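# An overview of the molecular structure
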Amino acid sequence: MTSKLRLADRTNDLFPILGFLAAMASLAMPLNAWLVAFILAGAVVAAVHHAEVIAHRVGEPFGTLILALAVTVIEVGLILTLMQAEPEKAQSLARDTVFAAVMVILNLLMGLCLLSGAIRHHEQRFQRTGIGAALATLTVLTVVTLVLPNFTSSIPGPFYSATQLGFVAVVSLILYATFALVQTVRHRDYFLPDGDAQDEPDAHAAPPSVQRTAISGALLLASLVAVVLLAKNLSPIIGALLADWGAPPAVLGVLIAALILAPEGLAAVRAAKADRLQTSLNLALGSALATIGLTIPAVAILSIMTDLPISLGLDAKSTVLLFLSLIVSVQTLANGRTTVLQGVIHLMLFAIYLFTTFVP
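Residues numbered from 1 in each chain as written. Predicted model: local features only at pLDDT ≥ 70, side-chain atom pairs only at ≥ 80, totals over all residues. Heavy atoms only, no water.

Okay, the overall build of the protein chain next. Counting its secondary structure elements, the protein chain contains eleven helices and two strands. Helices (α) and strands (β) of the protein chain occur, in sequence order from the N terminus, as α-α-α-α-β-α-α-α-α-α-α-β-α. Burial statistics for the protein chain: of 360 residues in total, 49% are counted as buried. Considering only intrachain contacts with a sequence separation of at least 6, the fraction spanning at least 24 residues in the protein chain is 83%. (Helix = DSSP H or I, 4+ residues; strand = E, 2+ residues; numbered from the N terminus. Buried < 20%, exposed > 50% of the residue type's maximum accessible area, 1.4 Å probe, protein only. Contact = heavy atoms within 4.5 Å.)

For the rest of this paragraph, the subject is the environment of Phe20. Inspection of the secondary structure puts Phe20 in helix H1 (residues 2–26). On a C-alpha basis, the gap between Phe20 and Leu229 in space is 8.7 Å, while along the polypeptide they are 209 residues apart. Excluding anything up to four places from it in sequence, Phe20 contacts Ala222, Val225 and Ala226.

What follows deals with the packing of aromatic side chains. For the structure shown, the criterion picks out three aromatic pairs. The interplanar angle of 90 degrees and the centroid separation of 5.5 Å between the aromatic rings of Phe99 and Tyr353 together place this pair among those described as edge-to-face. Within this pair, whereas Phe99 is found in helix H4 (residues 90–121), its partner Tyr353 is found in helix H11 (residues 340–358), the two being separated by 254 residues in sequence. The same class applies to Phe99 as to Tyr353, namely buried. Ring pairs connect the aromatic residues Phe99, Phe350 and Tyr353, which therefore count as one cluster. (Phe/Tyr/Trp six-rings, centres within 6.5 Å; stacked < 30°, edge-to-face > 60°.)

So, about the packing of helix H5 (residues 128–146) against helix H9 (residues 277–306). The geometry of H5 relative to H9 is characterised by a closest axis approach of 10 Å and an angle of 25 degrees between their N-to-C directions. Between H5 and H9, the interaxial angle falls into the category roughly parallel. By crossing handedness, the relation of H5 to H9 is classed as left-handed. Facing Ile131, Ala134, Leu135, Thr137, Leu138, Leu141, Thr142 and Thr145 of H5, the residues of H9 in contact are Gln278, Leu281, Asn282, Leu285, Ala288, Leu289, Ile292, Gly293 and Ile296. Split by residue class, the contact of H5 with H9 holds eleven nonpolar, six polar and no charged. (Axes fitted to C-alpha atoms, helices over the stretch in contact; angles between N-to-C directions. Parallel < 35°, antiparallel > 145°, perpendicular 65-115°, else oblique. Left-handed = near helix turned anticlockwise from the far one by under 90°. Nonpolar A, V, L, I, M, F, W, Y, C, P; charged D, E, K, R; others polar.)

Turning next to the pattern of salt bridges. All told, the structure shown has two salt bridges when counted by the stated rule. A salt bridge links Asp13 to Arg212; its shortest N-O distance comes to 3.1 Å. Of the two residues, Asp13 sits in helix H1 while Arg212 sits in helix H7 (residues 210–245), which places them 199 residues apart along the sequence. Owing to a relative accessible area of 22%, Asp13 belongs among the partly exposed residues under this scheme. Here Asp96 ties to Arg95 by a salt bridge, and the two come within 3.3 Å at their closest N and O atoms. Both residues of the pair, Asp96 and Arg95, belong to the buried class. (Salt bridge = Lys/Arg side-chain N within 4 Å of Asp/Glu carboxyl O.)

This part covers the confidence of the model for the protein chain. In this model, the protein chain carries an average pLDDT of 80, and 83% of its residues clear a pLDDT of 70 or more. Within the model, the stretch residues 196–204 combines pLDDT values under 50 with eight contacts to residues more than four positions away or in other chains. (pLDDT = per-residue confidence, 0-100.)

We now examine the side chain of Thr97. Within the element layout of this structure, Thr97 appears in helix H4. In terms of polar contacts, Thr97 uses its side chain to reach the backbone carbonyl oxygen of Leu93, at 2.8 Å. (Polar contact = N/O pair within 3.5 Å; in protein donor to acceptor, adjacent residues only side chain to side chain.)

Quick look at the packing of helix H10 (residues 316–332) against H11 now. Between H10 and H11, the shortest axis-to-axis distance is 11 Å and the interhelical angle comes to 170 degrees. Taken together, H10 and H11 sit at an angle that is classed as roughly antiparallel. Packed against H10, whose contacting residues are Lys317, Leu321, Leu324, Ser325, Val328, Ser329 and Thr332, the element H11 presents Gln342, Ile345, His346, Leu349, Ile352, Tyr353, Thr356 and Thr357 at the interface. Within the contact of H10 with H11, the residues separate by chemical class into seven nonpolar, seven polar and one charged.

Looking at where Val251 falls in the secondary structure, it is placed in helix H8 (residues 250–273). What makes Val251 buried here is its relative accessible area of 5%.

Let's shift gears to H11. Working note: α-helix, 3.6 residues per turn, so residues spaced by three or four point in the same direction. An ideal rise of 1.5 Å per residue puts 27 Å on 19 residues; H11 measures up with 27 Å between its terminal C-alpha atoms. Turning to H11, its buried residues are Gln342, Gly343, His346, Leu347, Leu349, Phe350, Tyr353, Thr356 and Thr357. (Expected span 1.5 Å × (residues − 1).)

Attention now moves to the side chain of Thr356. Residue position: Thr356 is located in helix H11. Overall, the relative accessible area of 18% leaves Thr356 in the buried class. Once you skip the residues sitting within four places of it in the chain, Thr356 turns out to touch Lys317 and Leu321.

In structure tokens form, the structure reads like this:
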């Protein structure tokens, strides 16, 4: 186990350096597309790892915020880079990516967590108070950002006017900041497992040294630079590949969301298998809230500053799937217990979403 951990640490230290060097090289010459994709994926995983190292060092509440900000910077960097590289798809890319992230988290990730945990432990428990607060916040954020633009009248939907977009950005930030405060400071016990919080396996883990934290900070910065520059290099190839497959534009949002959420998703599934469903749900729902609460304001600022309209409102099919996912999530997590059935339901919902994305 120790040797595996050391190998993982070395890999996470190597990819930021490779990514940064590849990004610099891409400014001078074209690179192999598969090599760029491999290094890009490794840089994303490494970025999240080093953000977690820094988060462990600084502690709460700043640790959670650093991790959320790092993931959001990667997501926003990818979105903005692809928007600039393919202006014809810029209007809907942010919406497609945010919607895909919500569907991946609520259905694929939550389904895998519930199913894998229930297979091993039959029935798992968690605190309803904290999870209910997260779902309530997520419901407001998703409906205001992805559904309401279809029904406002200042300008025709699915767009917000600049004033409306600015207001929604502020509301999103306030909601996310308030949730982060409640989760990490004010009512932290609502998000801890039943019983003594010190039963968590990581509770007594020693924080990294100052030197290790500084190295992780430098490697995190290198990873972020690599992700943004390599994504710009890769975007035309991805677009051509999707066109060859006959895939609709929304598939690009699914790919971005899957890439960004993969590291935290693996951590959430591992926690569920270890009978720490509370930790698993905290990771999953926290990722969804950060995705909307921080990404939408960042994209809104870009839209207002560059006078680039962005389409946020979902079509009718996607709206139905969003409401169905939110309703089923509330029912799944209503009584503080989960079984195999809930996991299968959420995975089938994701299968429906994925199928109707490729076959609209």
